[in-house]
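Topology and contacts: notes
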Amino acid sequence: MKHTISVLVENKFGVLARISGLFSARGFNISSLAVGETEDPSVSRMTIVVEGDERTLEQIKKQLNKLIDTIKVIDFKEGEFVDRELVLIRVSVGSKNRKEVLEAIDSIGAKVVNAGSKSICVEVAGDQVKIKALLGLLRPFGILEVVRTGRVAMGTEDKIVKSEGKPEVNE
Amino acid sequence: MIECLKNEGVEVIFGYPGGQVLPIFDELYDAPIKFILTRHEQGAAHAADGYARATGKVGVCLATSGPGATNLVTGIATAYMDSIPMVAITGQVKSFLIGNDAFQEADITGITRPITKHNYLVEDVRDLARILKEAFHIASTGRPGPVLIDIPSDIQMQETEFEYPQKIEIRGYNPTYIGHIGQIKRAAKAIAEAKRPILYVGGGAIISGASEEVTELATKNDIPVAMTLLGLGAFPATDKLSLGMLGMHGTAYANHSIMESDLIIAVGARFDDRVTGKLDAFAPHAKVIHIDIDPASVSKNVEVDIPIVGDAKTVMKQLNKSVKKPDTAEWLKKIEEWKKKYPLKYKDDNKLRPQYVVEEIYNATKGEAIICTEVGQNQMWAAQFYKFMKPRTMLSSGGLGTMGYGFPAAIGAQMGKPGAVVFDIAGDGSIQMNIQELATAVVNKLPVKVAILNNCYLGMVRQWQELFYKKRYSYTCLGGTCPDFVKLAESYGAVGMRITRKEDVRPAIEKALKIDNTVFLDFHVEQEENVFPMVPAGEAINRMIEGGLA
C-alpha cells in the first residue's frame, strides 16, 4: 500500500543524504520524494511516497523521527490531504496528428510549453488521476520523454503542519 | 576545543596523530587532559568504547583525516550497535580542499552517516563550541550512541572568542524518559495476573543504571530473570532467580522459560535475532511488555502488547511502585526442574578445557573483575561460565560482533577504573586483530590480563563448519601460524605465561593477578571444543543442540 508522508527537516546540507540513506540502509522503498524550503527558511519539507504494509510504515516513521535533523513526521490519512505533481511529457507529433494531440492535451487541461517540428513538450500539474489520464491519452502518439517532480502534499485546513515552537503567521 | 572538552568533564582521550590534526595535538601537548596514544585508530575507538562501558561516561577518540578516520569506522559501528556514548573527533583536509580528492581526504561524515547517532562537519569555528556541546548531549542522552565531529584543519587554526553555551536547543531531539502512566498501570495489571512471567533484560538496563530497579522487581515479585549478552551483570548471576543468558548460546532453562512464559517483561532489550531465533515460533503464549527508550525498537521484530517508551530506570521505578506480586510458585518450581535437567556443563576430565579457564577466572576474581571479551567461542564461554554480579563488568561487542574489540576495550576500561581487575577473555584469532595495543597497555602501565583460549582455530566458525558444513574446515585453522604469545608479550615488555595443564590454570591466574603489568596468559585448550547449547540459525530457541556433553 502507498502512503504519503510529510517530513519537516532542518534545512542543512547533508539532510537529504541522511533521509535517503536511511531508506536504502533499511530496505524501505521510496516511490517518490520531493523536497523544498518551507515558509520558515530554516526548515525544509519533504513529501515522501512510500510503499509498504502498516508495520513497515510504522518503522519508517519511527526511524525518520530518530534522526536528529528530523523535526516532525506526518503520515497523511486518506481524505486528510491534497497532493499534486508536475510532469513534463515530450510526445512525438507529425503533421497529420498534431491537431489530435493538441486536442487531447486540451481536454485534460494540460498545456504545451515547448513545441518543435517533430515533438511537443507538455506540462501537466494535478493529482495522480489526471496525470495518468493524460499519459494514457498521449501514449498512442509516442511518448519520447517523461520527467516528474514527485508528489507534494499538503494537509487540509485542520491538519496544518508547523515546525514546533514557531508561532503561526497572521495569528 | 580543549576548553569545551574540559567543560564536558573529559579526563582522557584515546587517539592517534596525523597531518590534519596537528593544531589539536599542539594544544593537547600541555593540556590538562590525559591523552592515550594507541597503536592503531581502531584501538582508540574501542578503548573509548571500553572506557564508556566501564564508567558510564562519554568515551572520546581522536584521529586524523582519511585513513585515520576510516580506521575508526569499525569502532564507531561497534559502539553504534551497542548504544555506547562516544564522541569521535576527526581532522579533515582544509575547507577549501574538500571535494578535491586532496591527500588523506575521505568523506568521513558521509561514510559514518549510517553508523553514528549524528555527525557534524564544522564549517565555521564559531560553531565549534555549540557543536561539541550538542555532540556530548546527543551521545549521552536518550538511546546513547557515537557522534562524530569532522574538523577541517584550517578551522582548527582559526581563533574565536570562547563562550561555552549553557543551553542546548535541538528542536528535532527530545527523548522520552518518563513512562506513560496508563501504560505503567496496564503493565502492573498484566504482571499481577501473570502465572509464568519472565524478565528479559538487555544492555539498555545497564546503560540506564536500572540494575537496582530490575533486581527489586524480580526479587520482590519472584520473577525469574533472563539476560542478553549485554544485559549480563544487570542482575546477579548467583541469585536463584537468575536464568543467565538466553538465546542462541543461552542456557537451556532460560530458553525453555521464555518459550513457555505467559508474560515477557523486556527491559532495554531489542528482540534481536540471536535472542529470538525463529520469530514466528518465539514465545507463542506470551504477552509482551516492552520498556525501551527508543520507540523504533518497540514492535520492530516482535509485536508488543504493552509498549512503554522511556528510560529503563525511571520506568522500572514507576513500575515497582504500582506492581502487585503474582503467584509464581508453580512456575519457579518448573524452572527449577529445567535447571536440574539441563544445567550448563562441559566435560570435566583432566584435559584443559576453555570453560574451566573461565570458571577459574571467576573463582579467582570472585565475580568482581571487569571482563572484556573478543568475539566467537571465547565470548560465549565468558558469558556462560563467568558469573557476572554487577553492571558494567561485561564488556563485549554484542551487536556488531567485532573481533579485536576486547583488548583495546580492556585498556579503555582500565583507564576508567584504575583500581579494578580487568580481564580480556580472548581467542588466538581475535587477539591478533588488535595485538599492537600491547604497546599501549605496557607504556601506560595498565595491568590488563589477557586470557587467550588458544585452540589454534577460529573456533566459532570451525564449530559451524563441523556442525553444518561436514567438517570442511575452510580457512579456520590457525595451527602452526600463531606467534609464540609468551615471547610476543615479552618483546613488548609485558609478561607472558603458557599454560598447558589443567592443574596449572588457577596458580597461573593467581600469579598474573599479583603482577602489576600487562599479562598474556596463553592457555593451550582443547582444540575442537564446542559451545553448547546451541540453537541453529533460523530455528526456534527451544530447539537446542546439546552436543556431546558428558
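These numbers come from a predicted model, not from an experiment.

Let's shift gears to the overall build of chain A. When its secondary structure is counted, chain A shows four helices and nine strands. Secondary structure of chain A in N-to-C order comes out as β-α-β-β-α-β-β-α-β-β-α-β-β. On the principal axes, the C-alpha backbone points of chain A span a range of 60 × 40 × 30 Å. Long-range pairs, those at least 24 residues apart, make up 73% of the contacts in chain A between residues at least 6 apart in sequence.

When helices and strands are tallied, chain B shows 21 helices and 18 strands. Relative to the 2.2 N^0.38 estimate, which gives 24 Å for 550 residues, the radius of gyration of chain B is 24 Å and therefore close to what a compact globule would have. In terms of overall dimensions, chain B has C-alpha extents of about 70 × 60 × 40 Å along its principal axes. Counting all 550 residues of chain B, 57% fall into the buried class. Contacts in chain B between residues at least 24 apart in sequence constitute 76% of all its contacts with a sequence separation of at least 6.

Residue and element names in this part refer to chain B. Spatially, E14-E13-E15-E16-E18-E17 is the arrangement adopted by the six strands of the open sheet, whose pairing is parallel. Both outer strands of the open sheet, strand E14 (394-395) and strand E17 (495-499), are each paired with one neighbouring strand and no more. One ladder, built from two bridges, connects strand E13 (residues 370-373) with E14; its direction is parallel. In the strand pairing of E14, Cys372 is matched with Leu395. Here helix H21 (residues 505-514) sits on the sheet in contact with strand E16 (449-454), E17 and strand E18 (519-524), set at roughly 170° to E17.

Our focus in this paragraph is the domain arrangement of chain B. Residue and element names in this part refer to chain B. What the domain assignment reports for chain B is domain 1 (2-157), domain 2 (181-340) and domain 3 (354-524). Computed over C-alpha atoms only, the centres of domain 1 and domain 3 are separated by 28 Å. Taken together, the contact between domain 1 and domain 3 spans 25 residues of the former and 26 residues of the latter. Of all elements in the fold, only strand E1 (12-15), strand E2 (34-37), helix H3 (41-55) and helix H4 (67-81) reach the threshold of two or more residues within the side of domain 1 that touches domain 3. Element by element, the count of residues in the side of domain 1 that touches domain 3 is highest for H3, at 11 residues.

Residues and elements named next belong to chain B. Spatially, the six strands line up as an open sheet ordered E9-E8-E7-E10-E11-E12, and their pairing is parallel. Among the strands making up the open sheet, the edge pair consists of strand E9 (242-245) and strand E12 (306-309). Within this sheet the neighbouring strands show an average axis-to-axis angle of 15°, counted without direction. Relative to E12, strand E11 (residues 287-292) runs parallel, the two being bridged by four bridges. Bridge pairing in E12 links Ile291 to Ile308. Strands strand E7 (197-201), strand E8 (225-227) and strand E10 (263-267) of the sheet are contacted by helix H10 (residues 211-221), whose axis makes an angle of about 165° with E7.

Right, let's talk about the packing of H3 of chain B against helix H17 (residues 406-416) of chain B for a bit. Residues and elements named next belong to chain B. Interaxial distance between H3 and H17 falls to 6 Å at its minimum, and their mutual angle equals 45°. The angle between the axes of H3 and H17 places the two elements in the oblique class. Of the two possible hands of crossing, H3 and H17 adopt the one that is right-handed. Together, Gly43, His46, Ala47, Ala48, Asp49, Gly50, Tyr51, Arg53, Ala54 and Thr55 of H3 and Pro408, Ala409, Ala410, Ile411, Gly412, Ala413, Met415 and Gly416 of H17 make up the contact between the two elements. Within the contact of H3 with H17, the residues separate by chemical class into 10 nonpolar, six polar and two charged.

What follows is about the interface of chain A and chain B. The interface of chain A with chain B comprises 18 residues on the first partner and 14 residues on the second. For the side of chain A that touches chain B, the secondary structure elements donating two or more residues are helix H1 (15-25), helix H2 (54-66) and strand E4 (70-76) of chain A. Of the residues contributing to the side of chain A that touches chain B, the split by class is four nonpolar, seven polar and seven charged.

With that out of the way, let us pick up the pairing of E17 of chain B. Residues and elements named next belong to chain B. Pairing of E17 with E18, which is carried by five bridges, proceeds in the parallel orientation. Looking at E18, one finds that Ile499 is bridged to Phe523. Assessed by its sense of winding, the connection that carries the chain from E17 through H21 to E18 is right-handed.

This brings us to the nonpolar core. One finds Cys61, Leu199 and Val267 of chain B to be the most contacted residues of the largest nonpolar core, which totals 188 residues. If near-sequence neighbours (up to four positions away) are discounted, Cys61 of chain B is found in contact with Ile13, Phe14, Gly15, Ala44, Ala45, Ala48, Leu72, Met86 and Ala88 of chain B. Counting 13 residues, the second largest nonpolar core, distinct from the first, contains Val91, Val93, Ala104 and Ile105 of chain A.

Where the residue is not glycine, phi is negative for most of them; where a peptide bond is considered, it is trans in most cases. Residues and elements named next belong to chain B. Backbone torsion omega between Phe532 and Pro533 reads -5°, so that peptide bond is classified as cis. Phi is positive for Lys445, which is not a glycine, with a value near 55°. Phi is positive for Tyr475, which is not a glycine, with a value near 55°. Given 9 C-beta atoms within a 10 Å radius, Tyr475 is considered exposed.

Let's shift gears to the pairing of E7 of chain B. Residue and element names in this part refer to chain B. In terms of burial, E7 is largely enclosed, as five of its five residues are buried. Burial along E7 is two-sided: Pro197, Leu199 and Val201 facing one way and Ile198 and Tyr200 facing the other are all buried. Two strands pair when backbone bridges link them, and E7 and E10 are joined in this way by five bridges, in the parallel orientation. Pairing of Tyr200 across the sheet is with Ala266, part of E10. Note that E7 and E8 share three bridges and pair parallel. Note that in E8 the partner of Val201 across the bridge is Met227.

Thresholds applied
Residues numbered from 1 in each chain as written. Chains lettered and ligands numbered in written order. Predicted model: local features only at pLDDT ≥ 70, side-chain atom pairs only at ≥ 80, totals over all residues. Helix = DSSP H or I, 4+ residues; strand = E, 2+ residues; numbered from the N terminus. Contact = placed C-beta atoms within 7 Å. Rg over C-alpha atoms; globule rule 2.2 N^0.38 Å. Buried ≥ 20, exposed ≤ 12 C-beta atoms within 10 Å, placed from the backbone. Pairing = 2+ DSSP bridges. Axes fitted to C-alpha atoms, helices over the stretch in contact; angles between N-to-C directions. Domains from an automatic or database assignment. Parallel < 35°, antiparallel > 145°, perpendicular 65-115°, else oblique. Left-handed = near helix turned anticlockwise from the far one by under 90°. Nonpolar A, V, L, I, M, F, W, Y, C, P; charged D, E, K, R; others polar. Right-handed = clockwise from strand over helix to strand, strands pointing away. Core = buried A, V, L, I, M, F, W, Y, C linked by C-beta atoms within 7 Å.

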